[in-house]
Amino acid sequence: MVSLHRLPAGILFAFCTFLPLPAQQKSTNTLPPGGYLSADDILAHCGELAGKDGVTVRELARSAEDRPLLLLGFGERGGVGRQAVLVVADPDGTRPVASQVAWGLAQELAAGSSPLLEAATVYLVPVANPDASAHLLADGFAWRGAPVDEDHDARSDEDPPDDLDGDGLVLKMRIPDPAGDWLADPNDDRAMRRADPAHGDRPTSRLLDEGLDEDGDRAFNEDGPGGVRLEANWPHRWREHEPAAGPYPLSEPLNRALADFVLERPNIAVVLVFGAEDGLARPAEGVAEPGPDSTEPPKEDADLIRLLAERLYPEAKDGEQGPPRTKPRSAPHGSGGFADWARFQAGRLVLESALWSPPAGEGDEPTEADLLAWNDAAYGGAGFVSWRPFDHPQLGPVEIGGWKPLVRDNPPVERIPALTETWAGFLASLADDFARLEWSGIEVHDLGEGVCEARATLVNTGLLPTVTEMGRRTGRLPRIRIELQLPEGGVLLGGRDRLFAERLAGLGGHQEFRWLYRLPLGSGPARIHAESLTAGSVDAALEVE
């Protein structure tokens, strides 16, 4: 395994956060998405990499708005079982930071200097939801494909959010209502928190997206632009009768094309997903028996994920000093997502990261007041629009304000190089981790008259298993094939000349095999061959002791 001390300088603290700025100091951070490349720009730049040595560019499918779903390949080589890593960025189209980091990784890999490329192929999807990503940066909304009648009124897209006050932003409406669910934080009137009757809270307001009830059904903004969410259309925990989930799993061409690519390549050992959910900052404990609705991996896979997470987020040693860091916080676990499908149905080792979260508050979940204090320090307050009165034509006096799009989930562009460096180092650290097969404990006894008794143990010396525990359970991934090869005239007397091993765990997982056979006089030794589409191949001679 690659030691953290061998990673490039600065990797261990690349998740550093900025310290609060004094009130009189002007922020040097650019409010996102300022400085970000658009989805269309990233896709155009991908084409420019096609001419570089060792880089391939595939178009897997076209989106509803005719954008390409591009997959970049680095270090593709022939040979049985050359393992691969797949990186998928922003499958929901709501985290543009994911595509910015993925594009940075693509440039790093295209330079050919990563040690990972000596050990494995890397496939990278820099913009997994190109239409949603393009619309998000253009107008703040992740457009979701062809229109869908989300409120079942025989019309589509007829009640989207609206910029009522003409400031170029669609924010929130704070509506006075004692029957609502919200009240202002007494420490910061900008901040809203849910009223908790158990603590004697008295609600004062409702919160809605800025807009009108345009179809007269007394609901606001319930049928906005577009329909099917790609990140709700994957088979695991897919929601039937949910319009945003699509008419059936993998109904969307982009998802189907990516699924086909993964299933056709059992050598993809690790799937790294940059998105809204995170399973590395606070790894799951795992479960003994995952079921059809599971969101946690089997215990064996969870332990491996935790080990890799500790590499990414090492615990500080006693007396060790360093810049302040914050781990990203995960969005709530959704249904029908790519990462769950890749783990529970395709059987791969899946690592999820949300990449970044605001460094606010002491606990895992900062309050709105914590986030506003961070916004004041990091951006001089520019990420939040203070509440201001507005005369709503249907609701009467309300206030409009709230967070600008993207600010709470995406860092300033100045932080992206450090994030990219972190993940380039993490990918490089995987180079020594892949499953590696070795023959060990070979014993061959001559029983006389050319009869030999042989035994040998096939061992996995890598950190990663030949197949994840979830992959073993699904049965989708091929087993290891073991073959006894006798010289011409040899006869197998006991055992089988073709055997299989289902799964070898990492760091010494093994299985012993035994044979009894007769060799013709003067022949060479028998040989054994092990071949895995997920771990390569290895041969050894059965030499008589």
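What comes next concerns the included structure.

### Observations concerning the sheet that holds strand E17 (residues 498-501)
Thinking step 1. Taken together, four strands build an open sheet; the order of strands is E17-E15-E19-E20 and the sheet is antiparallel. Pairing within the sheet leaves two strands with one partner each, and these edge strands are E17 and strand E20 (536-542). Pairwise comparison of adjacent strand axes, ignoring direction, gives a mean angle of 20° for this sheet.
Thinking step 2. In this sheet, E20 lies alongside strand E19 (residues 526-532) in antiparallel orientation, the contact comprising seven bridges.

### Observations concerning the environment of Gln485
Thinking step 1. Within the element layout of this structure, Gln485 appears in strand E15 (residues 480-485).
Thinking step 2. The spatial distance from the C-alpha of Gln485 to the C-alpha of His529 is 7.5 Å, given a sequence separation of 44 residues.
Thinking step 3. With near-sequence residues (within four places) excluded, Gln485 lies in contact with Ala526, Arg527 and His529.

### Digging into the pattern of salt bridges
Thinking step 1. The full count for this structure, using the stated rule, is 34 salt bridges.
Thinking step 2. The shortest N-O distance in the salt bridge between Arg174 and Asp189 comes to 3.5 Å. Of this pair, Arg174 sits in strand E5 (residues 172-176) while Asp189 sits in strand E7 (residues 188-194); the two residues are 15 residues apart in sequence, bridging distant segments of the chain.
Thinking step 3. A salt bridge links Asp497 to Arg498; its shortest N-O distance comes to 3.6 Å.
Thinking step 4. Among the ionic contacts, a cluster of salt bridges with common partners joins Glu289, Glu469, Arg472, Arg473 and Arg503.

### Some points on the nonpolar core
Thinking step 1. Counting 68 residues, the largest nonpolar core has Phe74, Val101, Leu124, Phe274 and Trp423 as the members making the most contacts within it.
Thinking step 2. Ranked by residues supplied to this core, first place goes to helix H2 (residues 96-110) with nine residues.
Thinking step 3. The next biggest cluster of nonpolar side chains, apart from the first, holds 27 residues, and it includes Ala61, Leu230, Leu250 and Val262.

### Here's the deal with the side chain of Asn410
Thinking step 1. With respect to the secondary-structure elements, Asn410 resides in the loop between strand E12 (396-403) and helix H9 (416-429).
Thinking step 2. On the basis of relative accessible area, Asn410 is assigned to the buried category, the value being 0%.
Thinking step 3. Polar side-chain contacts of Asn410 include one of 3.0 Å to the backbone nitrogen of Val97.
Thinking step 4. In this structure, Asn410 is in contact with Pro32, Tyr36, Thr94, Arg95, Pro96, Val97, Trp356 and Tyr379, ignoring residues within four places of it in sequence.

Criteria and cut-off values
- Residues numbered from 1 in each chain as written.
- Predicted model: local features only at pLDDT ≥ 70, side-chain atom pairs only at ≥ 80, totals over all residues.
- Heavy atoms only, no water.
- Pairing = 2+ DSSP bridges.
- Helix = DSSP H or I, 4+ residues; strand = E, 2+ residues; numbered from the N terminus.
- Axes fitted to C-alpha atoms, helices over the stretch in contact; angles between N-to-C directions.
- Contact = heavy atoms within 4.5 Å.
- Salt bridge = Lys/Arg side-chain N within 4 Å of Asp/Glu carboxyl O.
- Core = buried A, V, L, I, M, F, W, Y, C linked by side-chain atoms within 4.5 Å.
- Buried < 20%, exposed > 50% of the residue type's maximum accessible area, 1.4 Å probe, protein only.
- Polar contact = N/O pair within 3.5 Å; in protein donor to acceptor, adjacent residues only side chain to side chain.

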